[in-house]
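Breakdown of the fold
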Amino acid sequence: MAATSETTPSAPESGSPPKRRPAGPLALLTRFLALREGSIIVVTVAAIVYFAITTNDYLTFGNFKNLLPYFCFLGIMAIGEVFVMTLGEIDLSIGAMYLVTPFAFWKLTEAGIPLVPSVILAILIAGGFGAINGFFTAWVGIPSFVATLAMLFFLDGLALIVSHSEQITTPGTEIVGVPTFAQIFGAGTYSELIWMLGLGVILQVLLSLTRWGVYTVSAGGNRLGAAEAGVNIRLVMLRNFVLCAMCAGLAGILEGVRTSSITPDPSGSAQFLLYAIAAVIIGGTVMTGGEGTVIGAILGALFIGVLQDGLVLKSVNANYEYLYLGIAVIIAMTIYVLVRRVRRGTGRA
Amino acid sequence: MPDTAYAGEQIVALDTADDDVLRVEHVAKRFGPTTALRDINLHLRKGEVLALLGDNGAGKSTLIKILSGFHQHDSGSMWCKGEPYAPRSVQQARKAGIDTVFQDLALVNQLTVFQNMFLHRELTAKPLPLLRNRAMRKRTRAALDDIGIQIQSIDLPVARLSGGQRQAIAVARVISGEADIILLDEPLAAMGAKEGAQIIDLVQRLRDSGEVSIILIVHNYIQVFQVCDRVNLIQDGVITFDKPTSETSVSELNEIVVEQYRRARLEAQRTMTAEVSVDAARAAVAGDEGGASAARVNRSGSADDSPGAAPGE
């Protein structure tokens, strides 16, 4: 009888699809895959299992600590980008934001402002650049791809000019030993992890359980409809670009403090931009907008970290790293697309 | 007669009643080079259901969007319950008690039924402004039950509902709100006969309550006579006809529309001929066989039945 109810012929194309209710363990599996983050979990676990089998010291605490610097700052960049990509927009300037904000922090401390206020001001400056992205996208009407591409070049140039193309020592890390400031802002072993998880929880709540989140989804899903319902689309776009830029700026400062030096290297930050966008997409945020997940983006960053760390552990030539990453992204996305078809059949979106 | 009128055109003069909740005087709206509304005079009495009829592109939706605060009019004035009314946003219109079911429904596919029901009127907790999903679910269920629309689950994204169900949710969202003036822009367009009847039934119930005033855009004359108190016809950016439904008939409305079509067709032919004769004159000056080509084009022009209605919706 259950089989016949699966194929209700009267359901129109745009209408409600018939409900499938698989029994037993299959039901649990479908339930799991029905999660927006289902596919990235599958792929990440598969990668961990693979490295655990093929290397000796993979599943050790030491390796876990090695893994953290690979993905925590990426995760922070990615969760900000989720808010922009859920709008159906993209922010290409987060790499440059990551690059320039630590220099702003440095300049502020040079001007005699104490460390913590300098960090806060530098992140606010990043937010200001994000507001400019939002202004040109939402008010002037330049596609976000173009507006933030311009911002990318502008900020890369700014970072090189401010630094005179020279590496500097991060303020607050010059003292021998690791002072409390540095412990908190990136240099502590778990500092970046705690920042990422803390922000991740706050931003996931923001996305799922507040008006801000609902408006973000609605502006990405049906911009005209959301406007007709009364949502102030421009304001939603503006604040999401600001949030995204501030996350990237924070990630830049944390990494600057962790490595105790800041290098004006636009090609490195461009790499992080692409990694962060990859993390968002393989995490389950839809590029066309209307669907996003903060947890998925963190898992996406974790996956990239697992892959990089595992390949280092396997002593794979660095040139192969990109090749494997490319293959892995395609596999992850293929699983994601296939899983989405399963999801459509489960009554969840 | 206002100077905006075309030759031979009848424009409804300003009419008012003591119990008007909404009054629109000489409202005009342009979108760049396109004139969507030329001179709109309209009033809505308390508890009344006003049918707004008109061809595609005549300006119905533009008028609705101005009343709902989505667009702003260029000139003219509006009054809502005795107060000057010029909403800058949908939000302001809602504060004045005017809410709208838009033609495109304004639903977000990715959001669930109850999230759409409460879009931009979410219930939030204090002090942390988190969404009160449980309360919103409960109220959504009650509102849908009240209307009598069957939805499998209010936790489904609306993308998975049928056209009629989506329309029902858009209507339910507005009706379950606080508004006492409701604008319905083709609420029956995607509905089957049964669902459509349910919505008409609902409009009837609202009318019987006497508390809510409604402007309804529909195309089906049967429904107009079933549920509406008065009919306004909008043609080419002006209102050309205003009568209580008790004083008009399906055949009279049909006659007006047929007459409008005839005139539009004649107009199209005349423009076409005028353009062609200019072309012919130019061609003749250039020593071309202008007359023959003009005749040719003219014939194809007559075959064109385009009524030449103004775009802008």
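Residues numbered from 1 in each chain as written. Chains lettered and ligands numbered in written order. Predicted model: local features only at pLDDT ≥ 70, side-chain atom pairs only at ≥ 80, totals over all residues. Heavy atoms only, no water.

**Quick notes on the overall build of chain A**
- A count of helical and extended segments in chain A gives 15 helices and two strands.
- Here chain A holds 349 residues, and 51% of them are scored as buried.
- The contacts of chain A with a sequence gap of at least 6 include a subset with a gap of at least 24, amounting to 79%.
- A total accessible area of about 15400 Å² is found for chain A, and carbon and sulfur atoms account for 68% of it. (Helix = DSSP H or I, 4+ residues; strand = E, 2+ residues; numbered from the N terminus. Buried < 20%, exposed > 50% of the residue type's maximum accessible area, 1.4 Å probe, protein only. Contact = heavy atoms within 4.5 Å. Areas by Shrake-Rupley, 256 points an atom, 1.4 Å probe, with all protein chains shown as cover.)

**Notes on the overall build of chain B**
- The secondary structure content of chain B amounts to nine helices and 10 strands.
- Residues classed as buried in chain B amount to 50% of the 313 residues present.
- Counted over contacts in chain B with a minimum sequence separation of 6, partners at least 24 positions apart contribute 64%.
- With the model as given, the accessible surface of chain B reaches about 14900 Å², and the carbon-plus-sulfur share is 51%.

**Description of unusual backbone geometry**
Residue and element names in this part refer to chain B.
- Following Lys126, the chain continues into Pro127 via a peptide bond in cis, with omega recorded as 0 degrees.
- Along the polypeptide, Pro127 turns up in the loop between helix H3 (113–117) and helix H4 (133–147).
- One non-glycine residue with positive phi stands out, namely Leu105, at about 75 degrees.
- Mapped onto the elements of the fold, Leu105 is located in the loop between strand S6 (98–101) and H3.

**Considering the confidence of the model for chain B**
Residue and element names in this part refer to chain B.
- Here chain B shows a mean pLDDT of 84. Residues at 70 or above account for 85%.
- Within chain B, the element-level pLDDT minimum falls on helix H9 (residues 290–303), averaging 40, and the maximum on H3, averaging 96.
- As scored by the predictor, the complex reaches a pTM of 0.84 and an ipTM of 0.83. (pLDDT = per-residue confidence, 0-100.)

**Focus: the packing of aromatic side chains**
- Throughout the structure, instances matching the rule amount to 14 aromatic pairs over all chains.
- Taken together, Phe105, Phe181, Phe185 and Trp195 of chain A form an aromatic cluster joined through their ring pairs. (Phe/Tyr/Trp six-rings, centres within 6.5 Å; stacked < 30°, edge-to-face > 60°.)

**Re the pattern of salt bridges**
- Applying the stated criterion across every chain, the model contains 18 salt bridges over all chains.
- Put simply, Arg223 of chain A and Glu89 of chain A hold a salt bridge, and the shortest N to O gap is 2.9 Å. Residue Arg223 of chain A is found in helix H11 (residues 223–228), and its partner Glu89 of chain A is found in the loop between helix H4 (61–85) and helix H5 (94–110); the two are separated by 134 residues along the sequence.
- Measuring nitrogen to oxygen at the nearest pair gives 3.1 Å for the salt bridge that ties Arg121 of chain B to Asp99 of chain B. Taken together, the residues span a long stretch of sequence, with Arg121 of chain B in the loop between H3 and H4 and Asp99 of chain B in strand S6 at a distance of 22 residues. (Salt bridge = Lys/Arg side-chain N within 4 Å of Asp/Glu carboxyl O.)

**Observations concerning the nonpolar core**
- Counting residues in each nonpolar core, the largest one holds 86 residues, and the members touching the most others are Phe71, Ile76, Met77, Leu203, Phe303 and Ile304 of chain A.
- The element that contributes the greatest number of residues to this core is H4 of chain A, accounting for 14 residues.
- When neighbours within four sequence positions are excluded, Leu203 of chain A is seen to be in contact with Ile79, Phe83, Leu243, Cys247 and Val294 of chain A.
- By size, the runner-up hydrophobic cluster in this structure holds 67 residues, among which are Val217 of chain A together with Ala168, Ile169 and Met191 of chain B. (Core = buried A, V, L, I, M, F, W, Y, C linked by side-chain atoms within 4.5 Å.)

**Describing helix H1 (residues 60–67) of chain B**
- For H1 of chain B, the buried fraction is high: eight of the eight residues fall into the buried class.
- For H1 of chain B, every residue scored as buried is listed here: Lys60, Ser61, Thr62, Leu63, Ile64, Lys65, Ile66 and Leu67 of chain B.

**Section: the state of the cysteines**
- A full pass over the atoms with the stated rule returns zero disulfides over all chains.
- The closest cysteine sulfur to the non-disulfide-bonded Cys72 of chain A is located on Cys247 of chain A, 14 Å from its own sulfur.
- Taking relative accessible area as the criterion, Cys72 of chain A reaches 1% and is therefore assigned buried.
- Cys80 of chain B takes part in no disulfide bond, and the closest cysteine sulfur to it belongs to Cys228 of chain B, at a distance of 20 Å. (Disulfide = S-S within 2.5 Å.)

**Things to note about the interface of chain A and chain B**
- Taken together, the contact between chain A and chain B spans 31 residues of the former and 29 residues of the latter.
- Among the residues chain A hides against chain B, the three largest losses belong to Arg211, Glu228 and Ala229 of chain A. Together they make up 26% of the total.
- On inspection of chain A and its partner chain B, the count reaches two salt bridges.
- Between Glu228 of chain A and Lys65 of chain B there is a salt bridge, with its nearest N and O atoms 3.3 Å apart.
- Counting across the chain A and chain B interface gives seven residue pairs in polar contact (both at pLDDT 80 or more).
- Elements represented by at least two residues in the side of chain A that touches chain B include exactly helix H9 (191–209), helix H10 (211–221), H11 and helix H15 (318–344) of chain A.
- For the side of chain A that touches chain B, the element with the highest residue contribution is H10 of chain A, accounting for six residues. (Buried area = accessible area lost by both parts, 1.4 Å probe. Polar contact = N/O pair within 3.5 Å; in protein donor to acceptor, adjacent residues only side chain to side chain.)

**Side note on H10 of chain A**
- Counting buried residues along H10 of chain A, eight of its 11 residues qualify, which places the element largely inside the surrounding structure.
- Within H10 of chain A, burial applies to Gly213, Val214, Tyr215, Thr216, Val217, Ser218, Ala219 and Gly220 of chain A.

**Re a nonpolar patch on the surface**
All names here are of chain A.
- A cluster of nonpolar side chains, namely Ile132, Phe135, Phe136, Trp139 and Val140, defines an oily patch on the protein surface of about 430 Å² accessible area.
- You can see Phe135 is positioned in helix H6 (residues 115–140).
- For Phe135, a relative accessible area of 39% corresponds to the partly exposed category. (Patch = residues over 30% accessible without salt bridge, like charges linked within 9 Å, V, L, I, M, F, W, Y side chains within 5 Å.)

**Examining the pairing of strand S3 (residues 49–54) of chain B**
Residue and element names in this part refer to chain B.
- Burial analysis of S3 places six of its six residues in the buried class, the great majority of the element.
- Burial along S3 is two-sided: Val49, Ala51 and Leu53 and Leu50, Leu52 and Gly54, pointing in opposite directions, are all buried.
- As judged from the four bridges shared by S3 and strand S8 (residues 213–217), these two strands associate in the parallel manner. Paired with Val49 across the two strands is Ile214, which belongs to S8.
- The pairing of S3 with strand S9 (residues 230–235) spans five bridges and is classified as parallel. Bridging across to S9, Ala51 finds its partner in Val231. (Pairing = 2+ DSSP bridges.)

**Regarding the side chain of Ser118 of chain A**
All names here are of chain A.
- Residue placement: Ser118 occurs in helix H6.
- Ser118 gets classed as buried once you look at its relative accessible area, which sits at 0%.
- Residue contacts for Ser118: discarding those within four places in its chain leaves Phe105, Leu108, Thr109 and Ile113.

**Some points on the environment of Leu161 of chain B**
Residue and element names in this part refer to chain B.
- Its location among the elements puts Leu161 in the loop between H4 and helix H5 (163–175).
- Leu161 sits in the buried class, given a relative accessible area of 1%.
- Taking the C-alpha atoms as reference points, Leu161 and Val113, separated by 48 residues in sequence, lie 9.1 Å from one another.

**Concerning the packing of H9 of chain A against helix H14 (residues 294–313) of chain A**
All names here are of chain A.
- With their axes 8 Å apart at the nearest point, H9 and H14 run at an angle of 145 degrees to one another. Between H9, through Met196, Gly200, Leu203, Gln204 and Leu207, and H14, the contact on the second element is made entirely by Val294, Ile295 and Ile298.
- Its residues placed into classes, the contact of H9 with H14 shows six nonpolar, two polar and no charged. (Axes fitted to C-alpha atoms, helices over the stretch in contact; angles between N-to-C directions. Nonpolar A, V, L, I, M, F, W, Y, C, P; charged D, E, K, R; others polar.)

**Digging into the pairing of strand S7 (residues 181–185) of chain B**
All names here are of chain B.
- Within S7, five of the five residues are buried, which leaves it mostly tucked inside the rest of the structure.
- Residues Ile181, Leu183 and Asp185 of S7 are buried on one face, and the alternating residues Ile182 and Leu184, pointing to the opposite face, are buried as well.
- Judged from the four bridges that link them, S6 and S7 form a sheet pairing that is parallel. Following the sheet pairing, Val101 is matched in S7 by Leu184.
- Two strands pair when backbone bridges link them, and S7 and S8 are joined in this way by five bridges, in the parallel orientation. Within S8, the position partnered with Asp185 by the bridge is Ile217.

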